[in-house]
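The lines below spell out each chain.
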Amino acid sequence: MKVKPNNYIAIEFLSRSANEGFARTAVAAFAAQLDPTLDELGDIKTAVSEAVTNAIVHAYPDALGKISLRASIFDGNLLEIVVRDWGCGIGDIEQAREPLFTTGGEERSGMGFTIMESFMESLNVRSTPGKGTVVKMKRRIAQRSGRK
């Protein structure tokens, strides 16, 4: 049985670098209802930035394409973020998740997936070459004392 979220947002935008800031701000504003600490919010924003930047740089290297972002809140203060593209896809996900591996040229650090993994509790990457990639991240926001 699929669990339904208590709340969600869904947005779609072009793979323009200017939209990375929009995506991170939108998710931060949505996640604010969980009353995260500044550190939690910073981690979430960084992970979203990495996921969206990967889609912009790697999924559509030679053209603009569509990126969708969905953020959902589930019971227990669980935030789930899904970033999807319909770009070129990833041929070898395990290799792509290795620190310092990049297909984006020498100006790219190759740390995107590593950063996402370190700031979120879980990271799942599915991809089909020629059809796109789905990155799903989850983070539970700590229930602070005195908060209901």
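Read on for a plain summary of the structure. (Residues numbered from 1 in each chain as written. Predicted model: local features only at pLDDT ≥ 70, side-chain atom pairs only at ≥ 80, totals over all residues. Heavy atoms only, no water.)

### Observations regarding the side chain of Asn54
Relative to the helices and strands, Asn54 is located in helix α2 (residues 38–59). With sequence-adjacent residues up to four places away left out, Asn54 is seen in contact with Ala59, Gly112, Phe113 and Met116. (Helix = DSSP H or I, 4+ residues; strand = E, 2+ residues; numbered from the N terminus. Contact = heavy atoms within 4.5 Å.)

### Some remarks on unusual backbone geometry
Glycine aside, residues mostly have negative phi angles, and peptide bonds mostly take the trans form. The backbone of Asp35 sits at a positive phi, close to 55°, despite the residue not being glycine. Structurally, the position occupied by Asp35 is in the loop between α1 (18–31) and α2. Phi is positive for Asn77, which is not a glycine, with a value near 60°. Locating Asn77 in the fold gives a position in the loop between β2 (66–74) and β3 (78–85).

### Re the pairing of β2
Burial of β2 is extensive: 7 of the 9 residues sit out of reach of the surface. Pairing analysis gives 8 bridges linking strand β1 (residues 7–14) to β2, with the strands arranged antiparallel. Among the inter-strand pairings, Ile9 is bridged to a residue of β2, identified as Ala71. From the end of β2 to the start of β3, which pair antiparallel, there are 3 residues, and Gly76 there has a positive phi angle of about 80°. (Buried < 20%, exposed > 50% of the residue type's maximum accessible area, 1.4 Å probe, protein only. Pairing = 2+ DSSP bridges.)

### Concerning α2
Between its first and last C-alpha atoms α2 spans 31 Å; for 22 residues at 1.5 Å apiece the expected length is 32 Å, and the two agree. Along α2, the residues that are buried comprise Glu40, Leu41, Ile44, Ala47, Val48, Ser49, Ala51, Val52, Asn54, Ala55, Ile56 and Ala59. Where the residues of α2 are buried, they touch β1, α1, β2, β3, α4 (112–119) and β5 (132–140). (Expected span 1.5 Å × (residues − 1).)

Geometric descriptors of this kind do not, in isolation, establish any biological role.
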